[in-house]
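Topology and contacts: notes
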Amino acid sequence: MSRSFLGWPAFPEAAAREVGNRQLRENVRRATHTIRGKRAVLAAERPDWEQLRDSAAAIKDRVLAGLEGYLLQVEEKVTAAGGTVHWARDAAEANRIVTDLVRATGEREIVKVKSMLTEEIGLDAALEAAGINARETDLAATIVQLGDDLPSHVVVPALHRNRSEIRDIFAREMGRHGRPAPEGLTDDPAELAEAARLHLREKFLGAKVAVSGANFVVAETGTLVVVESEGNGRMCLTLADTLISVVGIEKTVPRWQDLEVLLQLLARNATGERMAPYTSTWTGTVDGDGPRDFHLVLVDNGRTRALADPVGRQALRCIRCGACMNTCPVYERTGGHAYGSVYPGPIGAILNPLLRGLDDPQTASLPYASTLCGACNEVCPVRIRFTDVLLDLRAQVADGGRHPVERVALNTVGAAMQRPLLWKAAVKGAGLLGPLLPARTPVPGWTDNRALPDVPGESFRTWWKRNEGERA
Amino acid sequence: MTAAAREEILRRIRAAAVPPAPEPPRHYLRHAPGTDPDDRPGTLALFAERLAEYGARVLRATDPGPAVARALHEEGARSLVVPDGLPADWTADWDGEVRADRPPLGKAELDATDAVLTSCAAAVADSGTLVLDGGPAQGRRAVTLLPDLHVCVVRAEQVHSALSGALAVLDPARPLTFVSGPSATADIEMIRVKGVHGPRRLVVVLLEAPSG
Ligand code: SF4
């Protein structure tokens, strides 16, 4: 049975568990620092970097402002090009639609292109319950699936695993799901990639049904866009007879030419490349080339809830490049699982509460999973103002009266204080955290020469009202 | 049911009452940074450099036949699939087995073929990208996916400085594949490994008009 984040503990508790795992911290640190370095070089290469970000943010705002019209355009264009469009209000509805479509083909095993949305809605588990085996084909997603694990990063879901862990998973699990790993497999990354190639080749050649997400859907043309590196995406999108793409409604972009902005930002931010090795685009179906049947499932699952939040709706601009998590001092210490969602890091801290509401302790704890240092604001290609949204969500938690903000904040800080590394991360550059800190306290392991900020003699709630409340 | 879902989602979007947003600013470069887009030799040199950077081989030629033969020979290919519309002289100098994709070859046959030779619809210097659109001499997508070696002939005039220029001439109604170097992954400790599923070797024959 596939694991899920269902019933995951609130951030402080989950984080406390994760920061105790030295191997995990080491893996996450190494990976995030590597991508950060590559990204920095390629962002610096563009003298117009800030202009690209301006455009990208404005393009996505344009989408959000005109979403109804753009979605209707997508529906019209995809239908005209031979595709079928379905609408799903929530995860259960989306899973039902996909399950019914797969059932209608009579297939028992299908292949998948990595998609965070299908992870979000728990599609693999829903298919499994219907007796359908959905095989992941992206290398990182394969590692997660074979290891009966959960994704911890939006671009590199197995970022928390190192090569020897991956070797063990492959050697142990591949044979149970198809072609076994070669005898004497070592932990050399090239050998591990080769093992994945061989394991998945027979699945690609035999697959009749594929499921994908999409990075973008162009409204004016009805074109879907999938960006990937390995060619597993091309295999799924090309070789299956039936293709089912499950896409969040916010993935729309107005114009074809908008891709010149978004594709260039995405690759540079996500993997430190000018373009990812493969970008596939398709519009409906084409005679004699690729799937004969194409279904697009447009999914809400909380996106309209986020859209209704005047401050938070900017989180829907996200193009899932992962840069915010790669740069986040909290993520670096806790890894992705602590956030209890397929969307970890700074985007997870705001998107999950916006999608699901603040009614449960897990989502209500996420706006506090931040030092407010603002590093994410600086790297986000669509200029999401994380700190604004975090503060606004904290205010909502407070005003909702569901979770007294002082208590939640103190619990978060208290849990962190017991763990010097997390604490150090939390205070680093945390000028804005002042209002949330309990008292001036000597911190073990504190090597920075900055003092903790003084704590004002008022609660966050009254501070917020005094500073921000008047504006509303 | 999906009709009810559609109405409900559209209603929720209207209820969110998002204020109008202005037309996006577009003050970014439409050509490769640090280059003069009118400098054709410079643009071609950049294209070759970027391809090589991501692990593709580049052969510059004025006569396609010998260059294609050399690429196939040096990569050790014995069999080659060619799509409809490929100029006959491109394979004239090669002595290996040529398989036409007509009638369409099965997946297993394609998988058992060493190489594929195509043209492209456009190319991008800045990112070392070539774009296939399934047009003449390019073939359907499976043909350029299953053989392990892809040899692509790019005519010099097809090379745009940056993505903007290529997008402007491409037809989104066709299935497009943008290829920037051979298949790769960095999923294991962020170490770049060349070659997973897609063609693991990419050779670009950059075709320029003979001078004079
Ligand atoms: S929020 Fe911004 S930085 Fe983070 S994944 Fe999304 S687009 Fe990238």
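Before any of the text, the structure's been laid out above.
Owing to the predicted nature of the structure, the values given are computational and were not obtained by experimental measurement.

What about the site of the ligand?
Residues in contact with the ligand, as listed here, are Cys318, Ile319, Arg320, Cys321, Gly322, Cys324, Ile347, Cys380, Pro381, Val382, Ile384 and Phe386 of chain A. Among the residues making up the shell around the ligand, the classes are represented as 10 nonpolar, one polar and one charged.

Some thoughts on the side chain of Asp258 of chain A
Turning to its location among the elements, Asp258 of chain A is positioned in the loop between strand E8 (252-253) and helix H12 (259-271). When residues no more than four places from it in sequence are discounted, the contact partners of Asp258 of chain A are Ile59 and Val253 of chain A together with Arg26 of chain B.

Observations regarding the pattern of salt bridges
Across all of its chains, the model carries 57 salt bridges over all chains by this definition. A salt bridge links Asp168 of chain A to Arg167 of chain A; the shortest N-O distance between them is 3.1 Å. Classification of Asp168 of chain A by relative accessible area gives partly exposed; the value is 38%. Between Glu75 of chain B and Arg201 of chain B there is a salt bridge, with the nearest N and O atoms lying 3.0 Å from each other. Taken together, the residues Glu75 of chain B in the loop between helix H3 (64-74) and strand E2 (79-82) and Arg201 of chain B in strand E12 (residues 201-207) connect sequence positions 126 residues apart. Glu75 of chain B sits in the buried class, given a relative accessible area of 18%. Shared partners join several salt bridges into a network, and the residues in it are Glu45, Arg46, Asp48, Arg268 and Arg274 of chain A together with Arg50, Glu53 and Asp126 of chain B.

Describing helix H10 (residues 189-206) of chain A
All names here are of chain A. The first and last C-alpha atoms of H10 sit 26 Å apart over 18 residues, in line with the 26 Å expected at 1.5 Å per residue. Of all the bends in H10, the largest measures some 35 degrees and sits at Leu200. Inspection of H10 places Pro189, Leu192, Ala193, Ala195, Ala196, Arg197, His199, Leu200, Arg201, Lys203 and Phe204 among the buried residues, and these make up the whole buried set.

Rules behind the numbers
- Residues numbered from 1 in each chain as written.
- Chains lettered and ligands numbered in written order.
- Predicted model: local features only at pLDDT ≥ 70, side-chain atom pairs only at ≥ 80, totals over all residues.
- Heavy atoms only, no water.
- Near = heavy atom within 4 Å.
- Nonpolar A, V, L, I, M, F, W, Y, C, P; charged D, E, K, R; others polar.
- Helix = DSSP H or I, 4+ residues; strand = E, 2+ residues; numbered from the N terminus.
- Contact = heavy atoms within 4.5 Å.
- Salt bridge = Lys/Arg side-chain N within 4 Å of Asp/Glu carboxyl O.
- Buried < 20%, exposed > 50% of the residue type's maximum accessible area, 1.4 Å probe, protein only.
- Expected span 1.5 Å × (residues − 1).
- Bend = angle between axes of the 7 residues up to and from the residue.

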